[in-house]
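Tertiary structure, described
Each chain, written out:
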Amino acid sequence: MTHERLQGVNTMRHALLIGLLLSAASTANAQFATGRATAPGTQSPSLPAISQVVGGSDDCASAAAISGQGLFAFDNSSATTGSEGQSEASCYVFGSSAVANDVWFAWTAMTTSSVEVTTCGLSGYDTMLGVYDGAPCNGAPPITCVDDSCNLQSRIVFSAVAGQVYWIRVGNYPGSSGGPGAFAVTSGIEDNCSNPIVGPDIVVGDLQQTAYFGELGGMLAYSVGTVSCNWGDTGVDWFAGNNQHPVIGQNLYRLKDGKFDQLGMSWLKHGYLALAQDFCCNCQNPGTGTILGVGCSDPYGAQTNGAQGGLGPRWEVDPFTGDFPYPFSTAGQSGNSLYKRIQVPVSDMEPANNPGARYFVEGQYVHPDEAAYENQFNNVSYREVALSGSGWSLSFVGTTQATQPAVMAWADAQPDVHVEIRDFFEKGRVYLASGTQDNGDGTWRYDYALYNMNHAVGLGGLRIPVDVAASVTADSFHGVPHHSGDPQESTPWPFSRDATGIEWRTDHIDQNQNANLVTWGTLYSFSFVSDRAPV
């Protein structure tokens, strides 16, 4: 168990006020874990530093020979559209199975493992990718083919056998223009494809787009595009006309001067149709849009996730069981540019006010099918973003950190940050992260972030044991404002101190049904300054 103590205090540095909201039985059965999150994720080893430059062949029969992993350059500006594989069912998308201006590589696997081939972030146009178990010009069958996985670029994951030669096909969507680019090959990734999880299991495989809807009254409005993947061995229901579909939450965070704050949150996008794409694994196409098939992925663009009529309230959804009423409140209702979307104060994004700040977006799926299999603990992912140019639009920095909530970005950026994870029996999961800053004047700042991943009731307090002789100053609280008619209050939590410690606490839920709890999908942050050093 990872602890820090204030000098002269023989108690833990922090403790959740679980007694405020949980029954005695629930508290007694709580499970406690410390350290970094251990949910399964898609992790890729580092690519080699060298880049192998091969242009690709316009002829399938004379495919450019490559092997191993790394970056491989191509240019299909002058390539023709070959006859091989132009009617493959796995390539069918938007009414066509064609791959235009295709170039070919014959790739030899050096190890037996799962392999990722991707043009994500490596091409500036609408790519398509295909992988074949040998030469398709000699009749070899396709393993998979994919169009849009990350914006207009493509990503494939497949199982390779050492010494086997696989044909990789790179082209562009018919009617679009090709050009120079590169694709990355990475062997040995962990992808949960070859050994799927029992039951349905939705993860956020990618955060793929952002949308900016303008400024109103000193507030900015955003939404984030998501790609869901089914890592389970069972299809997931995706019906538009009842409550057997996922809901999707979006959040925005800031890391500034060692503090991690949530700046904004959206209402919940209600899913309505599932495509059958291959972003995470080889999709077992169910042949219907009412099921997300085994290994299949489904992209929802930022505009779709920001469409106001399809956004419903968070308070109607039980994040642990996935249950919610249907039709949901405010279905079909729209409003001004801010309504139901991620809302962020201009002052929190203004570069002059936030030098050195880093920003992160987060997506979360909740679905009732997962609860019976306890698969609802890996459905949050985050990705870093930055302001794009001189305006307020956001662009991505780096790749999506699958199955990790955004609070883990704080731990990645600041080595002294500790993250503790607590699972409450039949209630949900909560994260408590903490870090320190040496002020250089004999005092230290202690920072905390309390994140509720999917606790069904919410959290109403944070208590920190502190020696009565220690000085405590500059206490602060930061919560994320509720909006668009959400009845939950956004009142700051009062701070208090007694002989054994300090505490922030909101109203008891029995006294105020709209008390400002840390409800699911939200993060509240706290800090204070003391003359006692961490040990």
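Here, the structure is the one placed above.
What comes next is a walk through the structure. Treat the numbers as computed from the prediction; the structure is a model and nothing was measured. (Residues numbered from 1 in each chain as written. Predicted model: local features only at pLDDT ≥ 70, side-chain atom pairs only at ≥ 80, totals over all residues. Heavy atoms only, no water.)

Moving on, we get to the overall build of the chain. Helix and strand content of the chain: 4 helices and 33 strands. Expressed as a percentage of its 535 residues, the buried residues of the chain come to 57%. The long-range share in the chain, meaning contacts at least 24 apart out of those at least 6 apart in sequence, stands at 74%. When the accessible surface of the chain is totalled, it reaches about 19,900 Å², and 51% of it is carbon and sulfur. (Helix = DSSP H or I, 4+ residues; strand = E, 2+ residues; numbered from the N terminus. Buried < 20%, exposed > 50% of the residue type's maximum accessible area, 1.4 Å probe, protein only. Contact = heavy atoms within 4.5 Å. Areas by Shrake-Rupley, 256 points an atom, 1.4 Å probe, with all protein chains shown as cover.)

On to the environment of Val117. Of note, Val117 is situated in strand 7 (residues 113-118). When residues no more than four places from it in sequence are discounted, the contact partners of Val117 are Leu129, Ser154, Arg155, Ile156, Phe158, Ile168, Phe183, Ala184 and Val185.

In the structure shown here, the tally under the stated rule is 13 salt bridges. Among the salt bridges present, the one from Asp348 reaches Arg254, with a minimum N-O distance of 3.3 Å. A residue pair is termed long-range when its members are at least 10 positions apart, and Asp348 in the loop between strand 22 (342-345) and strand 23 (358-366) and Arg254 in strand 16 (residues 247-256) qualify at 94 residues. Arg254 sits in the buried class, given a relative accessible area of 8%. Arg532 serves as the salt-bridge partner of Asp531, at 3.7 Å between the closest nitrogen and oxygen. One salt-bridge network, held together by shared partners, links Arg463, Asp498, Glu503 and Arg505. (Salt bridge = Lys/Arg side-chain N within 4 Å of Asp/Glu carboxyl O.)

Read across the open sheet, the 5 strands follow the order 4-6-11-8-9; overall the sheet is mixed. This sheet does not close on itself; its edge strands, each paired only once, are strand 4 (64-67) and strand 9 (142-146). Taking each pair of neighbouring strands and ignoring which way they run, the sheet shows an average axis angle of 25°. Taken together, the 6 bridges between strand 8 (residues 127-132) and strand 11 (residues 165-172) define a ladder with antiparallel strand orientation. (Pairing = 2+ DSSP bridges. Axes fitted to C-alpha atoms, helices over the stretch in contact; angles between N-to-C directions.)

Okay, the pairing of strand 8 next. Across the 6 residues of strand 8, 6 count as buried, placing the element largely inside the fold. Both faces of strand 8 are covered, namely the face carrying Thr127, Leu129 and Val131 and the face carrying Met128, Gly130 and Tyr132. Summarising the sheet, strand 8 and strand 9 pair through 4 bridges and their orientation is antiparallel. The partner of Tyr132 across the bridge, within strand 9, is Pro142.

According to the stated counting rule, one finds 3 disulfides in the structure shown. Each disulfide pairs two cysteine sulfurs, and for Cys60 the partner residue is Cys137, the sulfurs being separated by 2.3 Å. Judged by the sign of its S-S torsion, about -80°, the cystine formed by Cys60 and Cys137 is left-handed. Note that Cys60 is positioned in the loop between strand 3 (51-52) and strand 4 and Cys137 in the loop between strand 8 and strand 9, a separation of 77 residues in sequence. Assessed through its relative accessible area of 1%, Cys60 is described here as buried. (Disulfide = S-S within 2.5 Å.)

A cis amide bond links Tyr326 with the next residue in sequence, Pro327, at an omega value of 0°. Following the sequence through the fold, Pro327 ends up in the loop between strand 21 (311-312) and strand 22. Unusually for a residue other than glycine, Asp257 sits at a positive phi of about 55°. As for its position among the elements, Asp257 is in the loop between strand 16 and strand 17 (259-265).

We now examine the side chain of Thr144. Relative to the helices and strands, Thr144 is located in strand 9. Exposure remark for Thr144: the relative accessible area of 2% places this residue in the buried category. Side chain to side chain, Thr144 and Asp278 meet in a polar contact 3.3 Å long. (Polar contact = N/O pair within 3.5 Å; in protein donor to acceptor, adjacent residues only side chain to side chain.)

For the rest of this paragraph, the subject is the packing of aromatic side chains. Taken as a whole and assessed by the stated rule, the structure comprises 27 aromatic pairs. Relative to Phe528, the ring of Tyr446 lies with its centre 5.2 Å away and its plane at 15°, an arrangement referred to as stacked. Of the two residues, Tyr446 is situated in strand 28 (residues 444-452) and Phe528 in strand 33 (residues 522-530); the sequence distance between them amounts to 82 residues. Taking relative accessible area as the criterion, Tyr446 reaches 1% and is therefore assigned buried. Of the aromatic side chains, those joined through ring pairs into one cluster are Phe477, Trp493, Phe495, Trp504, Tyr524 and Phe526. Arg314 extends its terminal NZ or CZ atom over the ring of Trp520, reaching a point 5.7 Å from the ring centre. (Phe/Tyr/Trp six-rings, centres within 6.5 Å; stacked < 30°, edge-to-face > 60°. Lys NZ or Arg CZ within 6 Å of the ring centre and 35° of its normal.)

Core analysis: the largest hydrophobic core is formed by 27 residues, its most contacted members being Tyr222, Trp238, Leu252, Val344 and Met349. Among the secondary structure elements, those contributing two or more residues to this core are strand 13 (202-216), strand 14 (219-230), strand 16, strand 22 and strand 23. Those residues in contact with Val344 that lie beyond four places of it in its chain are Gly218, Met219, Leu220, Tyr222, Leu252, Leu263, Gly264 and Met349. (Core = buried A, V, L, I, M, F, W, Y, C linked by side-chain atoms within 4.5 Å.)

What follows deals with a nonpolar patch on the surface. On the surface, a nonpolar cluster with roughly 250 Å² of combined accessible area is contributed by Tyr272, Leu273 and Leu275. Position of Leu275 relative to the elements: it lies in the loop between strand 18 (268-270) and strand 19 (291-292). Residue Leu275 is classed as partly exposed on the basis of its relative accessible area of 34%. (Patch = residues over 30% accessible without salt bridge, like charges linked within 9 Å, V, L, I, M, F, W, Y side chains within 5 Å.)

This brings us to the pairing of strand 23. Across the 9 residues of strand 23, 8 count as buried, placing the element largely inside the fold. Where strand 23 and strand 24 (residues 380-387) come together, 6 bridges link them in antiparallel fashion. Across the sheet, the residue bridging to Gln364 is Val380, located in strand 24.

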